Amino acid sequence: MKTDSCLRYLEDPDANAGHLAECEECRALFGDTELPTKPIDVPQLPLATWEGASHRSWPLVLAGFVVALAAAAVLCLIAGMTPLRVVESSFRSVQSMRAFVFTSAAALRAASMGAQIAFFGAFIVVNAVLFALLRRSPRGIDA
Amino acid sequence: MLRLFVPLTIVGATLVTGMIAAPSEPFSGTMEIRSITLQQAASMVQQTAVVVSLIAVWILAAIALTLMSGREVRASSTEVRASALHCFTLGLVAVTSFVLTAIVFSYLVPFLIGIPLLFALAVFAVITKIYGMIAVFHAVGTLVAGARTRNQLDSRKWLRGDLAMSVLGVLILGALRLIPVAGPIVWGLASVFGIGSALATKFGRREPWFLRVAQAF
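Caption draft 1: Quick look at the overall build of chain B. The helix and strand tally for chain B stands at nine helices and zero strands. Each helix and strand of chain B, ordered N terminal to C terminal, gives the series α-α-α-α-α-α-α-α-α. The buried share among the 217 residues of chain B stands at 41%. Taking all contacts inside chain B whose residues are at least 6 apart in sequence as the whole, residues at least 24 apart take part in 79%.

Below, the structure is given as structure tokens:
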């Protein structure tokens with residue numbers, strides 16, 4: 001920036017647009033750049049995940065649900081199962097998991113001090129690894 | 001080809017189920033063996049009924065969650081496909097952590113503080129599992145039947161959108177779930193991937209779980 005004219009251009013570029021024609025230095029800094037550009041063929045670009053995502057195809061969704069529901073009803077009828085029995089059966093894995101956790105806790109309480117320290121050491125190590133993995137930012141769309 | 005994939009998967013799952021469920025020993029004609037075979041068959045039908053009922057419930061959950069927060073489900077689904085290994089590792093470590101933490105909280109139950117902690121952990125684990133599974137359903141649906149080009153997307157009337165991809169994913173994984181032995185393994189792996197993707201994206205919000213010290217002040 002050498003002259004007052006340069007400063008006036010910086011303060012109001014639109015009002016002093018003619019300055020670019022006079023000053024080579026300002027033209028180099030603020031003038032139109034002629035970068036080589038390639039025309040973009042938009043349809044050839046990869047499909048973004050959000051394109052068409054908000055569309056709701058209810059016939060497909062309802063058909064899928066009705067088919068699954070009908071198959072479940074027919075199978076329950078053949079097996080002679082009531083809905084309550086189905087719910088009970090589906091919770092069996094949760095009950096076995098709960099039994100495993102409580103049995104393990106009881107065994108831990110009864111275990112020696114060394115075993116308890118080793119268990120809590122493993123607990124801290126696993127959670128430290130989990131903490132380290134959770135610190136990584138998701139890749140998702142940047143991949 | 002993709003239109004054929006879903007029916008072929010269902011037919012394949014049915015055939016494999018039938019082949020494995022069929023009695024392997026020849027019928028000897030005695031009453032005792034016949035009754036055992038019938039019991040096994042009844043048990044197989046009951047198990048299948050429970051699995052199919054659960055698939056129907058999963059479809060309902062997928063519809064509800066995709067309608068409520070489709071963008072988040074899509075973000076987690078993208079994460080499963082973009083960095084599958086990370087999601088799997090994170091899922092495995094998270095499941096191990098859940099189990100170990102549950103044992104530690106159960107250890108604390110006599111001190112009373114363990115009960116609310118255990119309840120909070122159970123709620124968090126269940127939410128993570130449900131959300132993660134639905135993200136995996138979306139990922140599977142998109143991998144199998146997602147549009148690859150804009151022309152393909154424009155030409156589709158029904159097979160497009162988050163809702164359709166989630167439901168399609170439930171149906172595909174549900175069909176695989178019906179295969180004895182392999183089905184529960186596939187479903188379990190999907191759970192691990194799902195829990196990993198849910199935690200990796202903070203339930204689709206794509207925010208860091210922990211603030212750095214410099215950001216906090």
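Next comes the rest of the write-up.
Caption draft 2: Just the overall build of chain A, in detail. Along chain A, the regular secondary structure elements total seven helices and zero strands. What you see in chain A, going N to C, is helices and strands ordered as α-α-α-α-α-α-α. Over its C-alpha trace chain A gives a radius of gyration of 35 Å, far above what one expects of a compact globule, namely 15 Å for 143 residues. When its C-alpha atoms are laid out on the principal axes, chain A stretches across 90 × 60 × 25 Å. Taken over 143 residues, chain A has a buried fraction of 10%.

Caption draft 3: Geometry of the domain arrangement of chain A. If you check the domain split of chain A, you get domain 1 (1–33), domain 2 (61–90) and domain 3 (92–138). If you average the C-alpha positions of domain 2 of chain A and of domain 3 of chain A, the two centres end up 36 Å apart.

Caption draft 4: Geometry of the nonpolar core. If you look at the biggest cluster of nonpolar residues, it comprises 63 residues, and the most contacted ones within it are Ile59, Ala62, Val136, Val167 and Val170 of chain B. When residues of this core are traced back to their parent elements, those giving at least two are helix H4 (58–79) and helix H6 (92–110) of chain A together with helix H2 (31–68), helix H3 (70–82), helix H4 (84–107), helix H5 (114–145), helix H7 (162–177) and helix H8 (182–200) of chain B. Contact partners of Val136 of chain B, with chain neighbours within four places excluded, come to Val80, Gly169, Ala190, Phe193, Gly194 and Ser197 of chain B.

Caption draft 5: Structural view of the environment of Glu25 of chain A. Residue and element names in this part refer to chain A. Checked against the element boundaries, Glu25 lands in helix H3 (residues 24–30). You can call Glu25 exposed: it has 11 C-beta atoms within 10 Å. Glu25 sits 64 residues away from Ser89 along the chain, and the two C-alpha atoms are 81 Å apart.

Caption draft 6: Highlighting the confidence of the model for chain B. Chain-level statistics for chain B give a pLDDT mean of 84 and a share of 81% at 70 or above. Every residue in residues 16–31 of chain B is under pLDDT 50, and counting partners more than four places away or in other chains gives nine contacts.

Caption draft 7: Summary view of H4 of chain A. Residue and element names in this part refer to chain A. Along its 22 residues, H4 runs 31 Å from first to last C-alpha, staying within 8% of the 32 Å computed at 1.5 Å per residue. Among all positions of H4, only Val61, Gly64, Ala68, Ala72, Leu75 and Cys76 are buried. Looking down the long axis of H4, one finds its buried residues gathered within 105° of arc, a one-sided arrangement. Structural note: H4 exposes Trp58, Pro59, Val66, Ala70, Val74 and Leu77 on the side pointing more than 90 degrees away from its buried face. Backbone geometry just downstream of H4 places Gly80 in the positive-phi region, at approximately 70°.

Caption draft 8: Looking closely at the interface of chain B and chain A. Every contact between the two is made by 55 residues of chain B and, on the other side, 50 residues of chain A. Put simply, the parts of the chain that give the side of chain B that touches chain A at least two residues each are H2, H3, H4, helix H6 (150–155), H7 and H8 of chain B. Here the element with the most residues in the side of chain B that touches chain A is H2 of chain B; it accounts for 14 residues. Taken together, the residues of the side of chain B that touches chain A break down into 34 nonpolar, 14 polar and seven charged.

Caption draft 9: Geometry of unusual backbone geometry. For Leu112 of chain B, which is not glycine, the phi torsion reads 70° and is therefore positive. Turning to its location among the elements, Leu112 of chain B is positioned in the loop between H4 and H5.

Caption draft 10: Examining the environment of Ser53 of chain B more closely. Relative to the assigned elements, Ser53 of chain B resides in helix H2. Of the residues examined, Ser53 of chain B has 23 C-beta atoms within 10 Å and is grouped as buried. If near-sequence neighbours (up to four positions away) are discounted, Ser53 of chain B is found in contact with Ala72, Cys76 and Val86 of chain A.

Caption draft 11: Seen up close, the packing of helix H7 (residues 113–134) of chain A against H4 of chain B. Packing of H7 of chain A against H4 of chain B brings their axes to within 9 Å, and their N-to-C directions diverge by 140°. Every pair of crossing elements has a handedness; the one defined by H7 of chain A and H4 of chain B is left-handed. Across from Ala122, Phe123, Val126, Asn127, Val129, Leu130 and Leu133 of chain A in H7 of chain A, the residues of H4 of chain B making contact are Thr89, Leu90, Val93, Ala94, Thr96, Ser97, Leu100 and Val104 of chain B. Looking at side-chain class alone, the contact of H7 of chain A with H4 of chain B contains 11 nonpolar, four polar and no charged residues.

Caption draft 12: View of the confidence of the model for chain A. Summing up the model confidence of chain A, the mean pLDDT is 86 and the portion of residues at 70 or higher is 93%. Across chain A, H7 of chain A holds the top mean pLDDT of 94, while helix H5 (residues 83–90) of chain A sits lowest at 82.

Caption draft 13: Local environment of the environment of Ala102 of chain B. Here Ala102 of chain B shows up in helix H4. Ala102 of chain B sits 19 residues away from Leu121 of chain B along the chain, and the two C-alpha atoms are 7.2 Å apart. Residues in contact with Ala102 of chain B, not counting those within four places in the same chain, are Val101 of chain A together with Leu118 and Leu121 of chain B.

Rules used throughout
- In this convention, every chain numbers its residues from 1, walking through the sequence in written order.
- By the order in which they are written, chains take letters starting at A while ligands take numbers starting at 1.
- Two thresholds apply to this predicted model, a pLDDT of at least 70 for residue-level local features and 80 or more for giving and counting side-chain atom pairs, whereas whole-chain, interface and lining totals are computed over all residues.
- Working definition: helices are DSSP H or I runs of at least four residues, strands are E runs of at least two. Numbering for both runs from the N terminus.
- Comment: burial labels come from other C-beta atoms within 10 Å of the residue's own C-beta, placed from the backbone, where a count of 20 or more is buried, 12 or fewer is exposed, and between is partly exposed.
- C-beta atoms are placed from the backbone for every residue, and two residues are taken to be in contact when these atoms lie within 7 Å.
- Only C-alpha atoms enter the radius of gyration; for comparison, a globular chain is expected to reach 2.2 Å times N to the power 0.38, where N is the number of residues.
- Note that domain bounds follow an automatic or database assignment of domains.
- Note on terminology: a nonpolar core is a set of buried residues of type Ala, Val, Leu, Ile, Met, Phe, Trp, Tyr or Cys, with members joined through C-beta atoms within 7 Å.
- pLDDT gives the predictor's per-residue confidence on a scale running from 0 to 100.
- Expected helix span is computed as 1.5 Å times (number of residues minus one).
- Directions from the helix axis toward the C-beta atoms define the arc.
- Three classes are used: nonpolar for Ala, Val, Leu, Ile, Met, Phe, Trp, Tyr, Cys and Pro, charged for Asp, Glu, Lys and Arg, and polar for all others, with Gly counted as polar.
- Helix axes are fitted to C-alpha atoms over the stretch in contact, other axes to C-alpha atoms as well, and angles between N-to-C directions run from 0 to 180 degrees.
- Here a crossing is called left-handed whenever its near helix is offset anticlockwise from the far helix by less than a right angle, and right-handed whenever the offset is clockwise.

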